[in-house]
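# Tertiary structure, described
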Amino acid sequence: MTDAGELFGIEEIADGLRLTGELDASTCPPVRTQLTPRIQPNGRLKVDLAGVTFIDSSGLRVLIDAHREAEARDGRLILSNPSRVVLRLFEISGLLPHLHIESDGAESATTSDGSSPTD
Amino acid sequence: MSTFTPERSFSVERRLGRFVAVSIAVLCVAGVTCVVLFNAWARAADDRREVRSAVDSFGELSLSLSDQESGVRGYLLSGDESFLDPYNAGVATQIAATRSLSDVLARAPVALAALQVVNSLADQWRTSAAEVQIQQRRESPTVDTALVADGKRQFDMLRAQLETLQAALNVRVEELDQRVVNRQRVAVAALVVSVGFLAVMAIVTGRRFHQWVFQPLKTIGVAARQVSLGNPMKLPSFQAKELNDVSEAVNALQQSLAHERDNAVRSYETLQQSAVLALHVRSQLTTDADSLDIDGWSTASASRSAEGVVAGDCHDMGLLSPTRMYLLVVDVTGHGPLPALNALTAKSLLRSGLRAGMTPGGALTWLSNNATTEEDMELLTAFVAVISLSTGRVQYASAGHPPAYLVKESGLEELNPTGPLLGAFPATWGTDIADMPVGATLVVYSDGLTEVPNEHRIRLGEDAVKSRLSAMPPGSDARAVVQRLVDLFDEFRSGPPADDLTILAVTFSDHDALVGSRDSVEPGMVGT
């Protein structure tokens, strides 16, 4: 367990990382540090966002960079179980068509209006 | 990083464990050996004590034979039967002493054989000499002198055999004395060697512990104190793996501290150099947008920077023609001079695109294609709108920006993004259209409003903004709308704002004021 403050946590899980708390400018650096080395060619990396209550633009930047890095290596970054608040952020930001989002292990086909199984 | 030599490395725990195990094994062996040897010593001493008691029994045996001989001789001279009492008592004593000696001399065959010879000669003397002489004396006053001489000869042989028995006993005693001394020496020597070996093991263990643990810890402690004094000291590699790990960790910590210190110094220098620039950029960001004086329309804006930094937000409003105005809000990731410069650049490019006749979506696409490379570009959200001052028609595009709202008598209309935020993925942005009736207000804000937290880390959120806008009194103008949202922001937040805040509002307040004062022909727009 790596803490980046009492409001945030990073936990290693079988196929990736589990984040909890608020992902913002102050908590992004450890997430980037933990994510980057886990991106492998043709690999599938999961980031469990079920416990994430807030993401700001700095947090989006980290997730987008990791997504790009995974795609560049023919891999895939899976964002799993985002809360409604986080899903709404992805929707507003216009990222739903680009990111791979799944709920409870099944990758969801998010729609243009942002509806999702987590809603 | 210290150089680590795997061949020489070891685990202190394992090494000391071996030392302890060997010490315990040696202690066990030494203890058992000492017990065995001391028992042997004790047994030899017991044997010697028994043989020495046999010497006493030998004296009784010798005395009993002398009593028998003197009793017979007195009786032959006097004929008095009382002289035979010592003879008879001596026989009984001889039997008892012989039994005692036989038990003691069971493990001394030479002495035991001598004892058996003594008893045999004594029996022979009594039966062939003493008893015959006693019988003759009872029958006549004189005894055959030849018989007396033969008895004397037999008793002399018996006396000689007694001396042989005594010599054998003495030899046995000397043997046991020597054995006791030898076993005593061996037992004491084993004890001394065991204690000595354990002492050596304790000394060696102590020295190794000092060499493997205390000395490295002392060195690490000195290095830590040097670090606290600002003099990093590279630690050497140690033989002990555990201490070597600590050494490497301390070295890495020193490097990290030095790196962080260098970064802090560079950041401080950069901050000093950029301070003047930051102040200039900040003035540009906050003064470009202003309230416009347009008949029939009212505009207002508010912006606040995050505590102590230059904003990454900026906004702008202006006229593209007598009948068209534009407004835009840009929010770049982060705060400080660089994001502010990026925001300022984006604002300038968007404004240039609009003035060149591009649609809002076209301007965003043009910005995405020309502003910078995708990898290096900061994430950026933007809302761009062009409003017809004569009809209230709004052409807008949003790059991942929080929804704008049209506050109308009939309710709120949400103006959602027409494409992703800039800098994330290659994309194009469309242009949507909405209509502003008279009395309606267009409200655009940055995420600093909805994401502001209260003391419980709860965010304000879109619903609170929509609720506050829905509750606006009819006829509220742009200034009143902006003020209500600023009040909402201030009422909700706890502590200084951590993000930039921008709010922009435009109200179509009076259509009649426009009649005759504007050119009713709107220039066309072109997309890219």
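Residues numbered from 1 in each chain as written. Chains lettered and ligands numbered in written order. Predicted model: local features only at pLDDT ≥ 70, side-chain atom pairs only at ≥ 80, totals over all residues. Heavy atoms only, no water.

### As for the overall build of chain A
Secondary structure assignment for chain A yields three helices and seven strands. From first element to last, N terminus to C terminus, chain A shows the α and β order β-β-β-α-β-α-β-α-β-β. The buried share among the 119 residues of chain A stands at 52%. Intrachain contacts of chain A at a sequence separation of at least 6 include 58% that bridge at least 24 residues. (Helix = DSSP H or I, 4+ residues; strand = E, 2+ residues; numbered from the N terminus. Buried < 20%, exposed > 50% of the residue type's maximum accessible area, 1.4 Å probe, protein only. Contact = heavy atoms within 4.5 Å.)

### A look at the interface of chain A and chain B
Contacts between the two partners involve 21 residues from chain A and, on the opposite side, 25 residues from chain B. Interface area for chain A against chain B, summed over the two sides, is near 1,600 Å², with a carbon-plus-sulfur share of 55%. Broken down residue by residue, the surface that chain A buries against chain B is led by Arg61, Arg68 and Ile92 of chain A, which jointly contribute 32%. Joining chain A to chain B, the criterion identifies four salt bridges. For Arg88 of chain A, the salt bridge identified is with Glu462 of chain B, shortest N-O distance 2.7 Å. Our count for the contact surface shared by chain A and chain B stands at seven residue pairs in polar contact (both at pLDDT 80 or more). Contributing elements (two or more residues each) for the side of chain A that touches chain B: strand 4 (44-55), helix 2 (57-72) and helix 3 (84-92) of chain A. With seven residues, helix 2 of chain A is the largest single contributor of residues to the side of chain A that touches chain B. (Buried area = accessible area lost by both parts, 1.4 Å probe. Salt bridge = Lys/Arg side-chain N within 4 Å of Asp/Glu carboxyl O. Polar contact = N/O pair within 3.5 Å; in protein donor to acceptor, adjacent residues only side chain to side chain.)

### Overview of helix 9 (residues 461-470) of chain B
Restricting attention to buried positions, one finds in helix 9 of chain B the residues Glu462, Val465, Arg468 and Leu469 of chain B. Buried positions in helix 9 of chain B, seen along its axis, are confined to an arc of 130° and lie on one side of it. Facing away from the buried side of helix 9 of chain B, by more than 90 degrees, are the exposed residues Asp463 and Ser470 of chain B. Where helix 9 of chain B is buried, its residues touch helix 3 of chain A together with strand 6 (404-408), strand 7 (411-415), strand 9 (441-445), helix 8 (447-450) and helix 10 (478-492) of chain B. (Arc of directions from axis to C-beta.)

### Some remarks on the pattern of salt bridges
Per the counting criterion, the structure on display carries 32 salt bridges over all chains. A salt bridge links Arg88 of chain A to Glu91 of chain A; the shortest N-O distance between them is 3.2 Å. Of the two residues, Arg88 of chain A and Glu91 of chain A both sit in helix 3, three residues apart, roughly one turn of that helix. In the salt-bridge network here, residues are joined through shared partners; they are Arg88 and Glu91 of chain A together with Glu414, Glu462 and Lys466 of chain B.

### A short note on the nonpolar core
Core analysis: the largest hydrophobic core is formed by 34 residues, its most contacted members being Leu19, Ile55, Leu60, Leu79, Phe90 and Leu95 of chain A. Those elements that provide at least two residues to this core are strand 2 (8-13), strand 3 (16-23), helix 1 (28-35), strand 4, helix 2, strand 5 (76-80) and helix 3 of chain A. The element best represented in this core is helix 2 of chain A, accounting for six residues. Once residues within four sequence positions are removed from consideration, Leu19 of chain A is found in contact with Phe8, Gly9, Ile10, Val31, Val47, Asp48, Leu49, Gly51 and Val52 of chain A. Ranked by size, the runner-up nonpolar core spans 30 residues in total, among them Leu84, Leu105, Ala130 and Ala168 of chain B. (Core = buried A, V, L, I, M, F, W, Y, C linked by side-chain atoms within 4.5 Å.)

### Looking at the confidence of the model for chain B
Residues and elements named next belong to chain B. Of all residues in chain B, 86% attain a pLDDT of 70 or more, and the chain-wide mean is 83. Predicted confidence for residues 1-7 stays below pLDDT 50, and this span has 16 contacts to residues more than four positions away or in other chains. pLDDT under 50 marks residues 518-528. Its contacts with residues more than four places away, or in other chains, come to 29 contacts. Confidence metrics for the complex model read pTM 0.56 and ipTM 0.82. (pLDDT = per-residue confidence, 0-100.)

### Observations concerning the packing of helix 2 (residues 84-104) of chain B against helix 3 (residues 109-139) of chain B
Residue and element names in this part refer to chain B. At a closest axis distance of 12 Å, the pairing of helix 2 and helix 3 adopts a crossing angle of 165°. The orientation of helix 2 with respect to helix 3, classified from their angle, is roughly antiparallel. As for how helix 2 packs across helix 3, the hand of that crossing is left-handed. For the pair formed by helix 2 and helix 3, the contact residues are Leu84, Tyr87, Val91, Gln94, Thr98, Leu101 and Ser102 on the first element and Leu112, Leu115, Asn119, Ala122, Trp125, Arg126, Ala130, Glu131, Ile134 and Arg138 on the second. Here the residues of the contact of helix 2 with helix 3 are counted per class, giving ten nonpolar, four polar and three charged. (Axes fitted to C-alpha atoms, helices over the stretch in contact; angles between N-to-C directions. Parallel < 35°, antiparallel > 145°, perpendicular 65-115°, else oblique. Left-handed = near helix turned anticlockwise from the far one by under 90°. Nonpolar A, V, L, I, M, F, W, Y, C, P; charged D, E, K, R; others polar.)

### Describing helix 2 of chain B
Residue and element names in this part refer to chain B. Over its 21 residues, helix 2 runs 31 Å from end to end, which matches the ideal 30 Å to within 8%, given 1.5 Å per residue. Looking only at helix 2, the buried set comprises Leu84, Tyr87, Gly90, Gln94, Ala97, Thr98 and Leu101. The arc that holds the buried residues of helix 2, viewed along the axis, is 125°, so those residues lie on one side. With respect to the buried face of helix 2, the exposed residues turned more than 90 degrees away are Asp85, Arg99 and Asp103. (Expected span 1.5 Å × (residues − 1).)

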